[in-house]
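Listed here are the chains, written in short residue letters.
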Amino acid sequence: MVTITGVELRVNAKSESFPVLLISGDLEIVNSRTTGNAYATVRKMSIPCTFSEDLARTMIGKQLPGEIQRKETEPYEYTNKTTGEVLTLTHSYAYNPNPSNLVEQVIQGSPAH
């Protein structure tokens, strides 16, 4: 499940503003690559919507089926809004309303059926 946690206004290439829904996934425990220590995190992303900002705000707190999945991308620069640090990332996140819980096994190069 994902939860709608907020709304922001964004501006497109034509200088027109539009609302986006801020969504958060479930709690995850991951290990730090540098220290090896476990920490809690939540995947977050935004999704554009076709309705007004006022209507979008009424959606805050609603839960939707699906999950936020990590997707590999071409490298790009990202500036941390808090620290100003510029990072090179090779992934982004995408909302998948119908995630598969099946684990695909590969045996001698062929998917198992």
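Cut-off values and rules
Within any chain, residue numbers begin from 1 and follow the written order of that chain's sequence. Residue-level local features of this predicted model are given only where pLDDT is at least 70; pairs of side-chain atoms are given and counted only at 80 or more, and the full residue set underlies all totals for whole chains, interfaces and linings. No hydrogens and no water enter the side-chain calculation; it runs on all heavy atoms of the structure. The helix and strand labels rest on DSSP assignments: H or I over at least four residues marks a helix, E over at least two residues marks a strand, and numbering proceeds from the N terminus. Using a 1.4 Å probe on the protein chains alone, a residue whose accessible area is under 20% of its type maximum counts as buried, one over 50% counts as exposed, and one in between counts as partly exposed. In what follows, residue pairs with any heavy atoms lying within 4.5 Å of each other are defined as contacts. Using only the protein atoms, space was sampled on a 1 Å grid; points where a 1.4 Å probe fits but cannot get out form cavities, open sets with protein on both sides within 12 Å along at least five of seven lines form pockets, and lining residues are those with an atom within 4 Å of a point. Grid points are joined across faces, edges and corners, and a volume is the space filled by probe spheres set on the points. Here the term charged refers only to Asp, Glu, Lys and Arg, the term nonpolar to Ala, Val, Leu, Ile, Met, Phe, Trp, Tyr, Cys and Pro, and the term polar to all other amino acids, Gly among them.

K.L.:
Explain the side chain of serine 24 to me, and be specific about the residues and the numbers.
P.N.:
Within the fold, serine 24 resides in strand β2 (residues 17-31). Overall, the relative accessible area of 11% leaves serine 24 in the buried class. Residues within four places of serine 24 in sequence aside, it is in contact with Met1, Val2, Thr3, Thr5, Val42, Arg43, Lys44 and Ile68.

K.L.:
Could you give an account of the side chain of serine 32, with specific residues and numbers?
P.N.:
Assignment of secondary structure puts serine 32 in the loop between β2 and β3 (38-48). With residues near it in sequence (within four places) discarded, serine 32 still touches Asn37 and Tyr39.

K.L.:
How would you explain unusual backbone geometry if you had to name every residue and give the values?
P.N.:
For serine 15, which is not a glycine, the phi torsion comes out positive at approximately 65 degrees. Residue position: serine 15 is located in the loop between β1 (2-11) and β2. Owing to a relative accessible area of 63%, serine 15 belongs among the exposed residues under this scheme.

K.L.:
Tell me about the layout of surface pockets, residues and numbers included.
P.N.:
Any empty space left between the atoms is revealed when a probe the size of a water molecule rolls over them. Quantified by volume, the largest pocket comes out at close to 1,200 Å³. If you go around the largest pocket, you meet 30 residues; those closest to its centre are Val42, Arg43, Lys44, His91 and Tyr93. Those elements that place two or more of their residues in the lining of the largest pocket are β1, β2, β3, β5 (67-79) and β6 (86-96). Sort the elements by how many residues they give to the lining of the largest pocket and β3 lands first, with seven residues. Tallied by class, residues from the lining of the largest pocket come to 11 nonpolar, 11 polar and eight charged.

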